[in-house]
Each structure stands twice: as structure tokens, then as C-alpha cells.
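Given next are the chains, with one letter for each unit.
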2 protein chains.
Amino acid sequence: MMNISEASKRSHLPVKTIRYYEDIDLIKPARNGSGYRSYNESDVHRLRFLQRSRSLGFTIEECRLLLSLYDDDNRASSDVKSVAEAKIKEIDLKIKELGTLKVTLSALAQNCHGDDKPDCPIIDDLAGRRDH
Amino acid sequence: MMNISEASKRSHLPVKTIRYYEDIDLIKPARNGSGYRSYNESDVHRLRFLQRSRSLGFTIEECRLLLSLYDDDNRASSDVKSVAEAKIKEIDLKIKELGTLKVTLSALAQNCHGDDKPDCPIIDDLAGRRDH
DNA sequence: CCTTGACCCTCCAGTCAGTGGAAGGTCTAG
DNA sequence: CTAGACCTTCCACTGACTGGAGGGTCAAGG
């Protein structure tokens with residue numbers, strides 16, 4: 001059993017974040033006599049699970065679902081896989097969107113001389129004064 | 001001069017968003033006798049400028065900067081270009097991060113059978129039980 | 001003249017996933 | 001016994017809106 005700062009070190013999650021996760025019912029540590037949170041090894045596993053899934057881009061609600069699958073020894077691996085695949089699709093979409101954005105912005109930047117003169121195709125485009 | 005819903009149509013910005021932009025001092029429309037906001041053509045240009053720059057991924061604060069450059073007839077085009085280039089770099093970084101995420105998640109998903117059995121390499125990874 | 005419905009207004013609360021800080025209690029080493 | 005490093009709760013803030021309550025205004029139709 002350990003205090004929150006030790007759990008923080010072992011899970012690589014900030015103390016504030018751990019308390020926040022308790023607030024939204026992702027974890028329920030025990031309390032000692034003076035009201036301090038007290039974490040056991042399985043709590044730390046849970047926190048690490050959260051740290052890892054958040055860092056992979058899952059939202060809190062997805063983490064909640066993944067945790068329930070983690071808790072369920074009889075879940076089908078297909079249940080987990082479908083969550084992962086949905087997330088991969090989302091990431092893919094986001095990458096494509098950003099790619100489009102980059103192309104557009106790069107084209108604008110390339111047309112801009114970047115000198116001391118006031119003429120600027122970027123501003124013209126933003127203002128709706130582009131010719132194309 | 002037009003009411004807010006007409007300005008919304010012409011700028012492709014939701015009414016709520018236009019009011020919000022006023023709240024944070026991006027635009028200051030006139031008011032008519034009964035307190036209704038009243039937009040002229042130059043207000044609509046400003047709103048369109050905001051719509052376009054937001055859709056290109058600039059934050060509100062960046063839009064505020066771009067607007068001040070838009071207002072300044074003597075700005076150097078290099079000032080604008082540097083804002084655009086910084087944004088391109090950010091987008092690039094984000095794309096790379098998402099690419100890494102996608103590779104990691106895809107590798108996990110590929111190792112998962114996705115069947116009715118409980119064994120799941122994705123959960124194992126999240127739980128820190130991966131072998132590699 | 002009155003009503004209906006489409007506008008408009010302000011203000012408050014909520015979103016997401018935390019982060020920062022204030023005010024105060026507890027524990028441990030010197 | 002005291003300093004300082006912990007711990008607690010609670011409230012406010014972030015970005016960029018969005019939703020809704022509760023009310024005022026305006027134009028058309030009966």
C-alpha cells in the first residue's frame with residue numbers, strides 16, 4: 001500500500017490526474033485512518049492501463065470501456081479489437097484532414113514573398129480576395 | 001446593414017459563434033434602436049476572415065494577430081508568412097505524432113485475433129503485459 | 001387590435017481532460 | 001517543537017464554442 005505520490009511515480013501519471021480519475025469513477029483507492037488515499041499493486045496496474053491507453057489516443061470514455069473489458073476475463077478479443085480499429089480509423093481521418101490543411105497552407109505560404117512589402121497572398125486569401 | 005442571422009449566412013459562422021467572437025473582442029458590430037446587432041459589409045468580411053483562418057487551423061489568438069495584420073495596410077508580408085509557417089510546422093508535428101500512434105495501434109490490432117476468445121494482445125499491452 | 005412565430009437579447013452551465021492554487025490537516029526528521 | 005514535505009477538499013481556469021432558460025421585438029395574418 002502506498003500514498004498518491006508513489007502511485008504517481010509508478011504510473012507516470014500526475015497526482016492531480018490520479019485524483020481526477022477517481023473523481024470520474026475510473027478508480028477507487030482505499031483510504032487510511034487520516035483520509036489519505038492508499039493504492040495497492042492492482043490500483044497501480046489500473047493507473048498504468050489508463051496512462052497507456054490515454055497516450056494511445058483513447059478518450060476517457062473509451063478508456064472506461066477498455067477498463068471494463070480489462071476487468072472482464074471472459075470478454076471476446078473481437079470486442080477489444082473493434083475499439084482499437086475504430087480509433088485507427090479516427091486517427092487516419094485526422095491525418096488526412098491535417099494533410100489537406102498543410103497542402104493548402106503551404107501553397108499560400110509559397111506564394112507569399114515574405115518581404116517588407118505589404119502585398120500578401122495569405123491575407124488576400126483569408127480575406128476572400130484570392131483570384132482562383 | 002443586417003441582423004445577426006444574415007451575417008451568419010454570409011460568413012458561414014453560427015450565430016452563437018459570432019456572438020462569442022464579439023464577447024472576446026474580435027468584432028464590434030453597431031447596435032440598432034432595440035439593441036439588435038447590426039452588421040455592415042466590412043463586418044461580414046471580418047467574420048469571413050475569421051471563418052477562413054479558423055478552418056485553416058489557426059487558434060483564436062493567432063486569428064487575432066492575423067486580423068491585426070489584415071487591418072494594418074503597411075504590414076510586411078514576411079510577418080504574415082512567419083505565422084503561416086509556424087502553423088505548418090505545428091501541423092507537420094501533429095501529423096507525425098498521429099502517424100506514430102497509428103503504427104503502434106495497427107500493430108496491436110493486427111496481433112489480435114478478433115475472435116470470441118478472451119486472449120487479447122491489445123489488453124495485454126495496455127496492461128503492461130506485452131512481451132517485447 | 002391581437003396573436004403567432006420568427007427573430008433577437010443576456011446570462012448561466014456544460015463540453016474535454018485536465019491544471020493551478022488556496023486553505024488547511026498530517027507526518028516525519030532533526 | 002518546528003520546518004517542510006506530504007496529504008486533503010474545493011473552486012476557478014483553459015479553448016472554442018454549444019445549449020438552454022427566460023425574456024424582448026417585429027412583421028404578417030385574422
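Worth saying up front: this structure is predicted, and the values here are computed from it rather than measured.

(A) Structural detail: the domain arrangement of chain A. Residues and elements named next belong to chain A. Partitioning chain A into structural domains gives domain 1 (1-75) and domain 2 (77-132). Placing a centre on the C-alpha atoms of domain 1 and another on those of domain 2 gives a separation of 36 Å. In total, domain 1 and domain 2 occlude about 610 Å² of area from one another, counting both sides; carbon and sulfur atoms represent 74% of this. Considering only the surface of domain 1 that becomes buried against domain 2, Phe58, Leu69 and Arg75 emerge as the three largest contributors, covering 54% of it. Across the domain 1-domain 2 interface, the total number found is one salt bridge.

(B) Region of the structure containing the protein's contact with DNA strand D. Around DNA strand D, a shell composed of 19 residues is seen, among which Arg19 and Arg37 of chain A together with Lys16, Tyr21 and Arg54 of chain B lie nearest. The side chain of threonine 17 of chain B places a nitrogen or oxygen atom 2.9 Å from a phosphate oxygen of DNA strand D. Interatomic distance of 3.0 Å between a side-chain N/O atom of serine 34 of chain B and a phosphate oxygen of DNA strand D. Mapped by element, the contributors of at least two residues to the surface near DNA strand D are α1 (4-11) and α2 (15-23) of chain A together with α2 (15-23) of chain B. In terms of residue count, α2 of chain B provides more of the surface near DNA strand D than any other element does, four residues in total. Along the lines of polarity and charge, the residues of the surface near DNA strand D split into seven nonpolar, six polar and six charged.

(C) Representation of the interface of chain B and chain A in the model. Listed as interface residues are 51 residues of chain B and, on the opposing side, 51 residues of chain A. When the two sides are added together, the surface that chain B and chain A hide from each other amounts to roughly 4,300 Å², 70% of it contributed by carbon and sulfur. Here chain B is connected to chain A by four salt bridges. A salt bridge links aspartate 92 of chain A to lysine 102 of chain B; the nearest nitrogen and oxygen atoms lie 2.8 Å apart. Here chain B and chain A share 18 residue pairs in polar contact (both at pLDDT 80 or more) between them. Broken down by secondary-structure element, the contributors of at least two residues to the side of chain B that touches chain A are α3 (41-55), α4 (60-71), α5 (77-111) and α6 (121-126) of chain B. Counting residues per element, the side of chain B that touches chain A draws most heavily on α5 of chain B, which supplies 21 residues. Counted by class, the side of chain B that touches chain A contains 24 nonpolar, 11 polar and 16 charged residues.

(D) Just the packing of α4 of chain B against α5 of chain B, in detail. Residues and elements named next belong to chain B. Two numbers describe how α4 lies on α5: the axes approach to 10 Å, and their chain directions differ by 160 degrees. In terms of their interaxial angle, α4 and α5 are classed as roughly antiparallel. α4 and α5 meet at a crossing whose hand is left-handed. For the pair α4 and α5, contact is made by Glu62, Leu65, Leu66 and Leu69 and by Asp79, Val80, Val83, Lys87 and Glu90, respectively.

(E) Main features of the protein's contact with DNA strand C. Taken together, 19 residues lie around DNA strand C, and Lys16, Tyr21 and Arg54 of chain A together with Arg19 and Arg37 of chain B are the ones closest in. The protein-proximal atoms of DNA strand C, defined as those within 4 Å of the protein, are 68% sugar or phosphate. Between a phosphate oxygen of DNA strand C and a side-chain N or O atom of tyrosine 21 of chain A, the distance comes to 2.7 Å. Between DNA strand C and serine 5 of chain B, the relevant distance is 2.9 Å, taken from a phosphate oxygen to a main-chain nitrogen or oxygen of the residue. Grouping the amino acids of the surface near DNA strand C by side-chain chemistry returns seven nonpolar, six polar and six charged.

(F) Molecular detail of the relation of the copies chain B and chain A. For these two chains of identical sequence, chain B goes onto chain A by a turn of 180 degrees and a shift of 0.0 Å along the axis, with RMSD 0.1 Å. Seen this way, the second copy is the image of the first under a two-fold rotation axis. Within chain B, isoleucine 95 of chain B has its C-alpha nearest the rotation axis, a separation of 2.9 Å.

(G) Summary view of the pattern of salt bridges. Residue and element names in this part refer to chain A. Enumeration according to the criterion identifies 25 salt bridges over all chains in this entry. Note that aspartate 124 and arginine 129 form a salt bridge whose closest N and O atoms lie 3.3 Å from each other. Beyond isolated ion pairs, a larger network of salt bridges with shared partners links Glu6, Arg10 and Glu41.

(H) Quick peek at the state of the cysteines. Per the counting criterion, the structure on display carries zero disulfides over all chains. Unpaired in this structure, cysteine 63 of chain A has its nearest cysteine sulfur neighbour in cysteine 120 of chain B, at a distance of 15 Å. What makes cysteine 63 of chain A buried here is its relative accessible area of 0%. As a non-bridged cysteine, cysteine 120 of chain B has cysteine 112 of chain B as the owner of its nearest cysteine sulfur, 3.9 Å distant. For cysteine 120 of chain B, a relative accessible area of 1% translates into the label buried.

Cut-offs and rules
Residues numbered from 1 in each chain as written. Chains lettered and ligands numbered in written order. Predicted model: local features only at pLDDT ≥ 70, side-chain atom pairs only at ≥ 80, totals over all residues. Heavy atoms only, no water. Domains from an automatic or database assignment. Buried area = accessible area lost by both parts, 1.4 Å probe. Salt bridge = Lys/Arg side-chain N within 4 Å of Asp/Glu carboxyl O. Near = heavy atom within 4 Å. Polar contact = N/O pair within 3.5 Å; in protein donor to acceptor, adjacent residues only side chain to side chain. Helix = DSSP H or I, 4+ residues; strand = E, 2+ residues; numbered from the N terminus. Nonpolar A, V, L, I, M, F, W, Y, C, P; charged D, E, K, R; others polar. Contact = heavy atoms within 4.5 Å. Axes fitted to C-alpha atoms, helices over the stretch in contact; angles between N-to-C directions. Parallel < 35°, antiparallel > 145°, perpendicular 65-115°, else oblique. Left-handed = near helix turned anticlockwise from the far one by under 90°. Least-squares fit on C-alpha atoms with pLDDT ≥ 70 in both. Disulfide = S-S within 2.5 Å. Buried < 20%, exposed > 50% of the residue type's maximum accessible area, 1.4 Å probe, protein only.

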